[in-house]
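Listed below are the residues making up each chain.
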Amino acid sequence: MSKSYRLTPDYILWEMSFANATMYNAILPSYGDPKEPTEKEVDFEDLEKELFF
């Protein structure tokens, strides 16, 4: 966190509140998130059969 925001470790440990540190960390980007949505191919003929028959 100190590297991302260019804050000193002493400031983070002794001056910043836990709530502020949590909010700072919440906006940092994460890379390689495994929860990215994947697109599925939709077959409309099968969907029509499921809905109407």
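Scroll up for the structure.
Procedures and definitions
- Residues numbered from 1 in each chain as written.
- Predicted model: local features only at pLDDT ≥ 70, side-chain atom pairs only at ≥ 80, totals over all residues.
- Heavy atoms only, no water.
- Helix = DSSP H or I, 4+ residues; strand = E, 2+ residues; numbered from the N terminus.
- Buried < 20%, exposed > 50% of the residue type's maximum accessible area, 1.4 Å probe, protein only.
- Areas by Shrake-Rupley, 256 points an atom, 1.4 Å probe, with all protein chains shown as cover.
- Phe/Tyr/Trp six-rings, centres within 6.5 Å; stacked < 30°, edge-to-face > 60°.
- Contact = heavy atoms within 4.5 Å.
- Patch = residues over 30% accessible without salt bridge, like charges linked within 9 Å, V, L, I, M, F, W, Y side chains within 5 Å.
- Salt bridge = Lys/Arg side-chain N within 4 Å of Asp/Glu carboxyl O.
- Lys, Arg positive; Asp, Glu negative; His and termini not counted.
- Charge placed at Lys NZ, Arg CZ, Asp CG, Glu CD.

1. Quick notes on the overall build of the protein
Here is step 1: Assigned secondary structure in the protein consists of 4 helices and 0 strands.
Here is step 2: For the protein, with 53 residues in total, the buried portion stands at 6%.
Here is step 3: Accessible surface for the protein amounts to roughly 5,600 Å². Of this, 56% is attributable to carbon and sulfur atoms.

2. With respect to the packing of aromatic side chains
Both the distance between ring centres and the angle between the ring planes are used here to describe each pair of aromatic rings.
Here is step 1: The full count for this structure, using the stated rule, is 1 aromatic pair.
Here is step 2: Summarising the aromatic geometry, the rings of Y5 and Y24 are spaced 4.8 Å apart at their centres and angled 85 degrees between planes, so their arrangement reads as edge-to-face. Here Y24 lies in helix α3 (residues 18-26) and Y5 lies in helix α1 (residues 2-5), a separation of 19 residues in the sequence.
Here is step 3: Looking at Y5, the relative accessible area reads 25%, which means it is partly exposed.
Here is step 4: Taking the relative accessible area as the measure of exposure, Y24 reaches 31% and is therefore partly exposed.

3. Quick notes on the environment of Y24
Here is step 1: Spatially, the C-alpha atom of Y24 lies 9.8 Å from that of S4, the residues being 20 residues apart in sequence.
Here is step 2: With residues near it in sequence (within four places) discarded, Y24 still touches M1, Y5, L7 and M16.

4. Considerations on a nonpolar patch on the surface
Here is step 1: A contiguous nonpolar patch, built from F44, L47, L51 and F52 and spanning about 490 Å² of accessible area, is present on the exposed surface.
Here is step 2: On the basis of relative accessible area, L51 is assigned to the exposed category, the value being 59%.

5. Brief notes about a negative patch on the surface
Here is step 1: Side chains of E41, D43, E45, D46, E48 and E50 sit close together on the surface and give a patch of like negative charge.
Here is step 2: Within the element layout of this structure, E50 appears in helix α4 (residues 44-52).
Here is step 3: Residue classification places E50 among the exposed positions, given a relative accessible area of 64%.

6. Structural notes on unusual backbone geometry
Here is step 1: A positive phi angle, near 55 degrees, is found at R6, a position not held by glycine.
Here is step 2: Relative to the assigned elements, R6 resides in the loop between α1 and α2 (9-15).

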